[in-house]
Every structure is written in C-alpha cells, then in structure tokens.
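One letter stands for each residue in the lines below.
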Amino acid sequence: MGFHLPLWFEVSSLVVLSLVLLADLLLVVWRPHHPSVRESLLWVVFYVGLAGGFAALMFRFGGEQYGAEFLAGWVTEYSLSIDNLFVFVLIMASFKVPIKNQQEVLMIGILLAIVFRGLFILLGAALIASFSWIFYVFGGFLIVVAAQQAFSGREDDEQRHSKITSFLMRRLEMTDQFDGLALRITVAGKKVFTPVLVVFLTIGTADVIFAVDSIPAIYGITESPFIVFTANVFALMGLRQLYFLLGGLIDKLVYLHFGIAFILAFIGFKLVSHALHDNTVFFINGGNPVLWAPDIGTWESLIVIVMAMAISVGASLIRLNRTRNKSIT
C-alpha cells in the first residue's frame, strides 16, 4: 500500500493544470487556424508526455498504488474520450463549422466537458461515501451501456445528436451564417442566433452524456476524486489535437466501439466484483462479503484496457487497409 498524496502536491498539480488549460485556450484564441498533421502530432505527443510525467510524479509522491491508479485511470478515460471524437466530427460536419473556427469550438467544448465531469466526480464521491452498495449500481449501469455500445455503436450517438439539434432549431430564430464565435448577430435589422450557440449546446449535451458513462468507469479503478479528476483532465487536454490528427480516420475505425464496449463491460464486472467483496446488502449472501468473487488489481485492469483498445484499433486499421487495396485493384 502507498501513502497518502501530500496536500501541496494536489494543490500545485491543480494550479499547474489550470495554467496549462489557460495557456492552451489563449493560444487558440490568438492563433485561430487549422493545424497541420505534423503540428497536431507534436501536440498529442506533448500531452501524452505530460501525462506520463505526471504519472511518474504520482509514483514518486504517492507510491505504486496511486501511480498505477492514475495510469490506469488516464488510459481508461483517454480510450473512452476517443469515442467523443466521432460526435465532434458529426457536430462539425452537421453545422458546417468553418475550419478556422473549429479549434476554438473544440476548446470550448473540452472546457465544458471538464466542468461537467468535475460535477459528476463530486457527485460520485458523495454517493460512494454515503452508500456502499452504489458500486452495484455503477457496475450494472456500465454493463448495460456496454451492451448498447456493442450492438448499436455510434447509431445511438447520431440519433441523440439529431434529436437534440432538431429540438433546438425549432425553438430558436437562427441564421446559417457564422461570425467567428459570436452567438448573436444582426441580419436585416433583426437580432438572430448563429449556429455557434447550437454547436456549443449540442457539444455540452454530448459531454454530459459521456460524463455519465465515463465517471462510473474510472471509479472502478480508483476511489480518489483527485486521481479521477486529473486523469480526466489529462485525457481531455490532448483531445482537440487528436481530432485534427485523426481527421476523417476516426469514422473509419469500425471496430473501435467494440473495444470501448469491452472496456465498459470489464470495468462494470470489476465494480460488481468489488461490491461483492465488501457486500453489506442484506439480500445478497445474507449481508456478508462474497469472498469467491475475483479481486481484479489495477495493473491487471491496465493490461486488459490497453489490449482491448489495441486489438479494436488494430483490427479496424487492417480492415481499412484491405478495403483500400480492393478499391485500388
């Protein structure tokens, strides 16, 4: 077992993360542009390296337990966040967001995601502290979400997005013109909303949906709100650059949703197993712990999560390559 993280480390980490996010936001506002593949790759490497460096500090100041929990939590959240990219691509295409404004829109969307996930993290921590049986609920919920992800995949995301967009468009006086990030402009002497408002609302709604899925998942790895929050922030920080790096490729990773579904189901099973080990529910084994339930460690979880993503992405790329070869011949 490791020791508790020093308070100064937690506070300074949050301050540094806030400064990095602020610098990233200012950079986007000052230099709105469509980044090249090379620039996007360098930024993704930078943020992945930043997460790796933070993991090393967690091992140094928190011991193996906290270091492993952060590493597994970050990999989990980064894996689940990749699926967010599909929704971002869908939103950008649906509203025909100008290329030069896409970085700014994505940055605002990611900041909204951090806020929403922060709220869900606090809620999750309060539930865990108050109700020991909540792990049964989290675990069952993730297994249900995993089944939906496996059998319907991205069709659910498209349908939810379409319904939200239609609802908003019917109730707002809007123009189809963009004017930077302006929410309202004057057209023919009349104040109307620009599509940017609906884009932000749609991305924010999608962020809430993803937070509902991802926060219970990481609580299956760690019960530390600090680790949950920092893992989410590090996962989201590199998401904007990953969007431009992958471009249209994300839509071609046809097996990605199976990998994500497997991860959700695995963590759901782990949560239920953990709840059985600490069982106090009277109608399950008479309120006594179920000792035969498997106890899955953090390192084992990390290996399973990495393998699931590697297999699903690798299989998708193999299929994509075969499809291209057939089209050439």
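The following refers to the structure shown.

Each value, and the rule that gives it
Residues numbered from 1 in each chain as written. Predicted model: local features only at pLDDT ≥ 70, side-chain atom pairs only at ≥ 80, totals over all residues. Heavy atoms only, no water. Helix = DSSP H or I, 4+ residues; strand = E, 2+ residues; numbered from the N terminus. Rg over C-alpha atoms; globule rule 2.2 N^0.38 Å. Buried < 20%, exposed > 50% of the residue type's maximum accessible area, 1.4 Å probe, protein only. Contact = heavy atoms within 4.5 Å. Areas by Shrake-Rupley, 256 points an atom, 1.4 Å probe, with all protein chains shown as cover. Lys, Arg positive; Asp, Glu negative; His and termini not counted. Charge placed at Lys NZ, Arg CZ, Asp CG, Glu CD. Phe/Tyr/Trp six-rings, centres within 6.5 Å; stacked < 30°, edge-to-face > 60°. Lys NZ or Arg CZ within 6 Å of the ring centre and 35° of its normal. Polar contact = N/O pair within 3.5 Å; in protein donor to acceptor, adjacent residues only side chain to side chain. Axes fitted to C-alpha atoms, helices over the stretch in contact; angles between N-to-C directions. Parallel < 35°, antiparallel > 145°, perpendicular 65-115°, else oblique. Left-handed = near helix turned anticlockwise from the far one by under 90°. Nonpolar A, V, L, I, M, F, W, Y, C, P; charged D, E, K, R; others polar. 1 Å grid on protein atoms, 1.4 Å probe; cavity = no way out; pocket = protein on both sides within 12 Å on 5 of 7 lines; lining within 4 Å. Points joined across faces, edges and corners; volume = space filled by probe spheres on them.

1. Notes on the overall build of the protein
Right, so step 1: Within the protein, the secondary structure is distributed over 10 helices and two strands.
Right, so step 2: In sequence order, the protein lays out its α and β elements as α-α-α-α-α-β-β-α-α-α-α-α.
Right, so step 3: Against the compact-globule benchmark of 20 Å for 329 residues, the protein has a radius of gyration of 21 Å, which places it among compact chains.
Right, so step 4: Across the 329 residues in the protein, those meeting the buried criterion constitute 47%.
Right, so step 5: Partitioning the intrachain contacts of the protein with sequence separation of at least 6 by distance along the chain shows that 78% fall at a separation of at least 24.
Right, so step 6: Carbon and sulfur atoms make up 69% of the accessible area of the protein, which totals about 16100 Å².
Right, so step 7: On the protein, the mean spot of the 21 positive side-chain charges and the mean spot of the 22 negative ones are 11 Å from each other.

2. With respect to the packing of aromatic side chains
Right, so step 1: Counted according to the given criterion, the structure contains 18 aromatic pairs.
Right, so step 2: Relative to Phe54, the ring of Phe9 lies with its centre 5.7 Å away and its plane at 20 degrees, an arrangement referred to as stacked. In this pair, Phe9 is assigned in helix H1 (residues 7-30) and Phe54 in helix H2 (residues 37-95), connecting sequence segments 45 residues apart. Both residues of the pair, Phe9 and Phe54, count as buried.
Right, so step 3: Ring geometry for Tyr255 against Phe258: centres 6.4 Å apart, planes inclined by 35 degrees, an arrangement best described as tilted.
Right, so step 4: Owing to a relative accessible area of 42%, Phe258 belongs among the partly exposed residues under this scheme.
Right, so step 5: Cluster of aromatic residues (ring-pair linked, three or more members): Trp8, Phe9, Phe54, Phe61, Phe70, Phe226 and Phe234.
Right, so step 6: Lying across the ring of Phe61, Arg60 places its NZ or CZ 5.0 Å from the centre.
Right, so step 7: Here Arg184 stacks its cationic end above the ring of Phe193, 4.6 Å away from the centre of that ring.

3. Brief notes about unusual backbone geometry
Right, so step 1: Of note, the phi angle at Asn285 is positive, near 55 degrees, even though the residue is not glycine.
Right, so step 2: The residue Asn285 is located in the loop between helix H9 (256-277) and helix H10 (298-328) in this model.
Right, so step 3: Of the residues examined, Asn285 reaches a relative accessible area of 45% and is grouped as partly exposed.

4. A short note on the side chain of Glu77
Right, so step 1: Secondary-structure assignment places Glu77 in helix H2.
Right, so step 2: Judged by relative accessible area, which is 0%, Glu77 ranks as buried.
Right, so step 3: Engagement of the side chain of Glu77 in a polar contact is seen with the side chain of Arg117, the distance being 3.2 Å.
Right, so step 4: For Glu77, the residues in contact, after removing those within four places along its chain, are Arg117, Ser214, Ile218, Ala231, Asn232 and Ala235.

5. Re the packing of H2 against H9
Two packed helices can be described by the angle between their axes and the distance between those axes.
Right, so step 1: Viewed as axis vectors pointing N to C, H2 and H9 meet at an angle of 140 degrees, and their least axial separation amounts to 10 Å. Classified by the angle between their axes, H2 and H9 sit oblique to one another. As for how H2 packs across H9, the hand of that crossing is left-handed. Residue-level contacts link Thr76, Ser79, Leu80, Ile82 and Asp83 of H2 to Leu256, Ile260, Ile263, Leu264 and Ile267 of H9.
Right, so step 2: Residue composition of the contact of H2 with H9, grouped by class: seven nonpolar, two polar and one charged.

6. Some thoughts on the layout of surface pockets
Right, so step 1: Each pocket or cavity is described by its volume, and for the largest pocket that value is around 430 Å³.
Right, so step 2: What lines the largest pocket is a set of 18 residues, among which Glu69, Ile221, Glu223, Lys270 and His274 lie closest to the centre.
Right, so step 3: Breaking the lining of the largest pocket down by element, the ones donating at least two residues are H2 and H9.
Right, so step 4: Considering every element that reaches the lining of the largest pocket, the biggest residue donor is H9, with five residues.

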